Amino acid sequence: MVSAAEQLASNLNLGAFAKAQDLKNRLWFTLGALVIYRLGTFIPIPGVDAAAFAQAFKSQSSGILGMFNVFAGGAVERMAIFALNIMPYISASIIIQLMTSMSPKLEALKKEGESGRKQINQYTRYLTLVLAAFQAYGIAIGLEGSRSDAGSVVGDPGWFFRATTVITLVGGTMFLMWLGEQITQRGVGNGISLIIFAGIVANLPSALVGLFEMARTGALSTFLLLALLALMLGVVAAIVFIERAQRRLLIQYPKRQVGNRMFQGDASHLPLKLNSAGVIPPIFASSLLLLPITAAQFSSAQGGGPEWLQTLVAALGNGQPLHLAIYVAMIIFFAFFYTAVVFNPKDTADNLRKHGGFLPGIRPGEKTAEYIDYVLTRITVVGAIYLAAVCVMPEILTSYAGVPFYFGGTSLLIAVSVTMDTVAQIQSHLLAHQYEGLIKKAKLRGANTRGGRR
């Protein structure tokens, strides 16, 4: 039975959503922008034979191109104008963020506030343009050298094809970057994350249809189908639980006197996320691990490669013990590395001391920083193990159990995390709308009361 209070809260939320016209406009704008993005993933770049490229792509879909194709919503396998997607911007953002923690000049710029943030964003855009141009030129060269049973992928190779390919792909990436910024400002949620999310979930219907088709034809038993669906739901529930998990450190503030009044000391919490690194460790680990495999595939397409590279690729194949061991080690390493980049215990301890806060039983300053670092290291161990388990489980199921687990750990993490963030922003808009309504009612009642007294 639903309590009366819960039912009343639900009615208030539905009523607030019906009256929140600004939120409706933001949602419609977000949906419209995502529709434009999806349409762009079906527009091919000029000069490419679609049938020949589709055959050539199948031989390389297990490499880094396959991972990019998942993030791009199938735009890579169609070689569309959005084939690079927003990945150059993500790479540029990560590089700038890492440089900010290493460069005193960028770190000082970050502390300048809004003006410094705008300057850093401008640097990120410039770096995005450079990275997209390099990647687009590499794609053009790769397309010119690719062949399949249907013939050459590029009908008229040369500098004109390379120039048009670079301009088209770079223009697509810069447009998506602008579109993501517009979604962030005028829509709901983080625009860049929503674009990646839309690309990932675009393949969900076809994946489910393929799964049920395998069950219908007998290639997959009904029990295994139900177990696989239950496992997917369990993984999603585990991701939600871990991503919301926090270790809260109690913070005490001493009593203070303002004038003749004595204010009692307050208490609050310092929340430390169990997974502070987010989805960055799996992305970095996947990219570095799939790089030699993709290089060997391009070498074989060009007429073979060195023997040691072929041996390395065989040992790093999907599901191989060496592949799984290095993958787990890289995820754990990047989890600790990126957590150290995004969270500085010393800065946190200094801010607490400046505002008069302290951890009970811990001396302010250096001891507080050491204690926070101690707690953060312990919970990061749990977060790194969680990331490794979520990302390695699909590899084990696919390679050893023969289970068609369509969504890898990285894509599943991104999909669930973006959904949680977007829902949280929608709830924030609803709460803001309710507060605005209460303030207007209070002002109106106050005006009526003054008018009645007169």
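Along each chain, residue indices are assigned from 1 in the same order as the chain's sequence is written. Residue-level local features of this predicted model are given only where pLDDT is at least 70; pairs of side-chain atoms are given and counted only at 80 or more, and the full residue set underlies all totals for whole chains, interfaces and linings. Values shown for side chains rest on all heavy atoms present in the structure; no hydrogens or waters enter the calculation.

## Side note on the overall build of the protein chain
Turning to step 1, where the next piece is worked out: Every helix listed is a DSSP run of H or I at least four residues long, and every strand listed is a run of E at least two residues long, numbered separately from the N terminus. Across its full length, the protein chain carries 17 helices and six strands.
Turning to step 2, where the next piece is worked out: Classification of residues uses two cut-offs on accessible area relative to the type maximum, computed with a 1.4 Å probe and protein chains only: under 20% is buried, over 50% is exposed, and between them is partly exposed. The buried share of the protein chain, reckoned over its 454 residues, is 39%.
Turning to step 3, where the next piece is worked out: For the protein chain, restricting intrachain contacts to residue pairs at least 6 apart in sequence, the fraction spanning at least 24 positions comes to 73%. Whether two residues are in contact is decided by their heavy atoms: any pair within 4.5 Å suffices.

## Quick notes on the confidence of the model for the protein chain
Turning to step 1, where the next piece is worked out: pLDDT expresses how confident the predictor is about each individual residue, on a scale running from 0 to 100. When the pLDDT values of the protein chain are averaged, the result is 78; 78% of them are 70 or greater.
Turning to step 2, where the next piece is worked out: Highest mean pLDDT in the protein chain belongs to helix H8 (residues 159-186) (91); lowest belongs to helix H1 (residues 4-19) (50).
Turning to step 3, where the next piece is worked out: Below a pLDDT of 50 lies the segment residues 1-12, which in the model reaches two contacts outside its immediate sequence neighbourhood of four places, other chains included.

## Considerations on helix H11 (residues 222-244)
Each α-helix turn comprises 3.6 residues. Residues three or four places apart therefore point the same way.
Turning to step 1, where the next piece is worked out: Expected helix span is computed as 1.5 Å times (number of residues minus one). Its 23 residues give H11 an end-to-end C-alpha distance of 33 Å, which sits within 8% of 33 Å, the value for a rise of 1.5 Å per residue.
Turning to step 2, where the next piece is worked out: Where H11 is concerned, the buried positions are Leu225, Leu228, Met232, Val235, Ile239, Ile242 and Glu243.

## Here we look at the environment of Val328
Turning to step 1, where the next piece is worked out: Mapping Val328 onto the fold places it in helix H14 (residues 321-342).
Turning to step 2, where the next piece is worked out: On a C-alpha basis, the gap between Val328 and Pro282 in space is 9.1 Å, while along the polypeptide they are 46 residues apart.
Turning to step 3, where the next piece is worked out: With near-sequence residues (within four places) excluded, Val328 lies in contact with Ala388 and Val392.

## Let's talk about the layout of surface pockets
Turning to step 1, where the next piece is worked out: Whether a set of points on the 1 Å grid over the protein atoms alone is a cavity depends on a 1.4 Å probe fitting there but being unable to get out, while an open set qualifies as a pocket with protein on both sides within 12 Å along at least five of seven lines; lining residues are those with an atom within 4 Å of a point. Grid points are joined across faces, edges and corners, and a volume is the space filled by probe spheres set on the points. Approximately 1800 Å³ is the volume attributed to the largest pocket.
Turning to step 2, where the next piece is worked out: Sorting the residues of the lining of the largest pocket by element identifies helix H5 (87-102), helix H7 (114-144), H8, helix H9 (191-201), H11, helix H12 (280-301), H14 and helix H17 (409-453) as the ones contributing at least two each.
Turning to step 3, where the next piece is worked out: Classifying every residue of the lining of the largest pocket gives 22 nonpolar, 19 polar and nine charged. By the convention adopted, Pro, Cys, Tyr, Trp, Phe, Met, Ile, Leu, Val and Ala count as nonpolar, Lys, Arg, Asp and Glu as charged, and the other residues, Gly among them, as polar.

## Examining the packing of aromatic side chains
Turning to step 1, where the next piece is worked out: Only Phe, Tyr and Trp rings take part, Trp by its six-membered ring, and two of them pair if their centres are within 6.5 Å. Stacked means planes under 30 degrees apart, edge-to-face means over 60, and tilted covers everything else. Counted according to the given criterion, the structure contains six aromatic pairs.
Turning to step 2, where the next piece is worked out: Relative to Phe334, the ring of Phe333 has its centre 5.3 Å away and its plane inclined at 65 degrees; by these criteria the two rings are edge-to-face.
Turning to step 3, where the next piece is worked out: Looking at Phe333, the relative accessible area reads 51%, which means it is exposed.
Turning to step 4, where the next piece is worked out: Ring geometry for Phe333 and Phe337: centres 6.1 Å apart, planes at 15 degrees, overall stacked. With Phe333 and Phe337 both in helix H14 and four residues apart, the pair spans about one turn of that helix.
Turning to step 5, where the next piece is worked out: Judged by relative accessible area, which is 30%, Phe337 ranks as partly exposed.

## Some remarks on the pattern of salt bridges
Turning to step 1, where the next piece is worked out: Salt bridges are identified by distance alone: a Lys or Arg side-chain nitrogen within 4 Å of an Asp or Glu carboxyl oxygen. Tallied over the entire structure, the rule returns four salt bridges.
Turning to step 2, where the next piece is worked out: For Lys346, the salt bridge is made with Asp350, and the minimal N-O distance between the two is 3.5 Å. Separated by four residues within a single helix, Lys346 and Asp350 lie in helix H15 (residues 345-354), roughly one turn from each other.
Turning to step 3, where the next piece is worked out: Here Lys346 falls in the partly exposed class, since its relative accessible area comes to 47%.
Turning to step 4, where the next piece is worked out: With its nearest N and O atoms 3.6 Å apart, the salt bridge here joins Asp350 to Arg353. In this pair, Asp350 and Arg353 both sit in helix H15, three residues apart, roughly one turn of the helix.
Turning to step 5, where the next piece is worked out: The network of salt bridges with shared partners includes Lys346, Asp350 and Arg353.

## Focus: the nonpolar core
Turning to step 1, where the next piece is worked out: Residues enter a nonpolar core if they are buried and are Ala, Val, Leu, Ile, Met, Phe, Trp, Tyr or Cys, with the set joined through side-chain atoms within 4.5 Å. Counting residues in hydrophobic clusters, the biggest one holds 86 residues, and the most contacted among them are Val48, Ile86, Leu143, Val153, Ile239, Leu413 and Ile414.
Turning to step 2, where the next piece is worked out: Setting aside chain neighbours within four positions, we find Ile414 in contact with Phe71, Ile196, Ile200, Val279 and Ile283.

## Considerations on the packing of H8 against H9
Turning to step 1, where the next piece is worked out: Working convention: axes come from line fits to C-alpha atoms, limited for helices to the stretch in contact. Angles between N-to-C directions cover 0 to 180 degrees. At a minimum axis separation of 7 Å, H8 and H9 run at an interaxial angle of 115 degrees. Of the residues in H9, those in contact with Leu176, Met177, Gly180, Ile183 and Thr184 of H8 are Gly191, Ile192, Leu194 and Ile195.
Turning to step 2, where the next piece is worked out: Among the residues making up the contact of H8 with H9, the classes are represented as six nonpolar, three polar and no charged.

## Some words on the environment of Phe197
Turning to step 1, where the next piece is worked out: The residue Phe197 is located in helix H9 in this model.
Turning to step 2, where the next piece is worked out: Sequence-wise, Phe197 and Ala415 are 218 residues apart; in three dimensions their C-alpha atoms are separated by 5.5 Å.

## Points about the side chain of Thr380
Turning to step 1, where the next piece is worked out: Within the secondary structure layout, Thr380 lies in helix H16 (residues 366-401).
Turning to step 2, where the next piece is worked out: We classify Thr380 as buried; its relative accessible area is 7%.
Turning to step 3, where the next piece is worked out: Contact partners of Thr380, with chain neighbours within four places excluded, come to Leu274, Ala335, Phe336 and Thr339.

## With respect to the environment of Glu213
Turning to step 1, where the next piece is worked out: Within the element layout of this structure, Glu213 appears in helix H10 (residues 204-217).
Turning to step 2, where the next piece is worked out: Under the rule applied, a polar contact is a pair of N or O atoms within 3.5 Å (in protein, one hydrogen donor and one hydrogen acceptor; residues adjacent in sequence only if both atoms are side-chain atoms). A polar atom in the side chain of Glu213 sits 2.5 Å from the side chain of Arg216.

## A look at unusual backbone geometry
Turning to step 1, where the next piece is worked out: A positive phi is found at Met79, a non-glycine position, where the angle reads about 45 degrees.
Turning to step 2, where the next piece is worked out: Mapped onto the elements, Met79 comes out in the loop between helix H4 (64-71) and H5.

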